[in-house]
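Chain by chain, the residues:
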Amino acid sequence: EGVAGTETPKPSFDPAVQLGAMPPLGYFDPAGFCKKGDESGFRTFRAAEIKHGRVAMMAALGAVVQHYVKFPGFESVPSGLAAVTSAPGSYGMIALFLISGALELGVW
């Protein structure tokens, strides 16, 4: 078994008829990443797309929440992108970067 599907391509697999390919766009793959018959690659890309979409939704939520919620020890950190350049905020950014990198490489 491959990462997210089968190891050998099945010639009968067509990504254009999978769940999510619907009007008005239909199957949308302008760069041609998913070839017809490559179910494993399609499943891998679909899992990555779902994961990155969830991360983007959490980032959007975090952009709003960080204005109103401050963790203990970070009360003096300004809100917004200025937090990355100030002293305890930059440490938090480095910690988040390292934790998310470790999770990306190790868990997923």
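Below or above, wherever it landed, is the structure these notes cover.

So, how was this worked out
Residues numbered from 1 in each chain as written. Predicted model: local features only at pLDDT ≥ 70, side-chain atom pairs only at ≥ 80, totals over all residues. Heavy atoms only, no water. Helix = DSSP H or I, 4+ residues; strand = E, 2+ residues; numbered from the N terminus. Buried < 20%, exposed > 50% of the residue type's maximum accessible area, 1.4 Å probe, protein only. Contact = heavy atoms within 4.5 Å. Areas by Shrake-Rupley, 256 points an atom, 1.4 Å probe, with all protein chains shown as cover. Polar contact = N/O pair within 3.5 Å; in protein donor to acceptor, adjacent residues only side chain to side chain. Expected span 1.5 Å × (residues − 1). Bend = angle between axes of the 7 residues up to and from the residue. Phe/Tyr/Trp six-rings, centres within 6.5 Å; stacked < 30°, edge-to-face > 60°. 1 Å grid on protein atoms, 1.4 Å probe; cavity = no way out; pocket = protein on both sides within 12 Å on 5 of 7 lines; lining within 4 Å. Points joined across faces, edges and corners; volume = space filled by probe spheres on them. Nonpolar A, V, L, I, M, F, W, Y, C, P; charged D, E, K, R; others polar.

## So, the overall build of the protein chain
Working step 1: Counting its secondary structure elements, the protein chain contains two helices and zero strands.
Working step 2: Taking all 108 residues of the protein chain together, 17% fall into the buried category.
Working step 3: Across the protein chain, contacts joining residues at least 24 apart in sequence account for 44% of those joining residues at least 6 apart.
Working step 4: If you sum the accessible surface of the protein chain, you get close to 8,400 Å²; carbon and sulfur atoms cover 71% of it.

## What to know about the side chain of Ser90
Working step 1: Here Ser90 shows up in helix α2 (residues 87-107).
Working step 2: From its side chain, Ser90 meets the backbone oxygen of Ala87 in a polar contact 3.0 Å long.
Working step 3: Apart from the residues within four sequence positions on either side, Ser90 is in contact with Ala83 and Val84.

## A closer look at helix α1 (residues 39-68)
Working step 1: The end-to-end C-alpha distance of α1, which contains 30 residues, comes to 44 Å, matching closely the 44 Å that a straight helix rising 1.5 Å per residue would cover.
Working step 2: Considering bend angle alone, the principal kink of α1 is centred on Gly62 and spans about 25°.
Working step 3: Taken together, the buried positions of α1 are Glu39, Ser40, Gly41, Phe42 and Lys51.
Working step 4: In this structure, the buried side of α1 is in contact with α2.

## Considerations on the packing of aromatic side chains
Working step 1: With the rule as written, the count across this model stands at two aromatic pairs.
Working step 2: Between Phe13 and Phe42 the ring centres are 5.4 Å apart and the planes differ by 55°, which places this aromatic pair in the tilted class. Here Phe42 lies in helix α1 and Phe13 lies in the segment before α1, a separation of 29 residues in the sequence.
Working step 3: Where Phe33 meets Phe45, the ring centres are 5.9 Å apart and the plane angle is 50°; that geometry is what we call tilted. In this pair, Phe33 sits in the segment before α1 while Phe45 sits in helix α1, placing the two residues 12 residues apart along the sequence.
Working step 4: Classification of Phe33 as exposed rests on a relative accessible area of 57%.
Working step 5: Residue classification places Phe45 among the partly exposed residues on the basis of a relative accessible area of 42%.

## Section: the layout of surface pockets
Working step 1: Approximately 1,300 Å³ is the volume found for the largest pocket.
Working step 2: Gly62, Gln66, Gly92, Met93 and Leu96 are, among the 30 residues lining the largest pocket, the residues nearest its centre.
Working step 3: Going through the elements one at a time, α1 and α2 are the ones with two or more residues in the lining of the largest pocket.
Working step 4: A class-by-class count of the residues in the lining of the largest pocket yields 19 nonpolar, seven polar and four charged.
Working step 5: By volume, the second largest pocket amounts to about 420 Å³.
Working step 6: Looking at the second largest pocket, it is lined by 15 residues, and the ones nearest its centre are Tyr27, Phe28, Phe42, Arg46 and Glu49.

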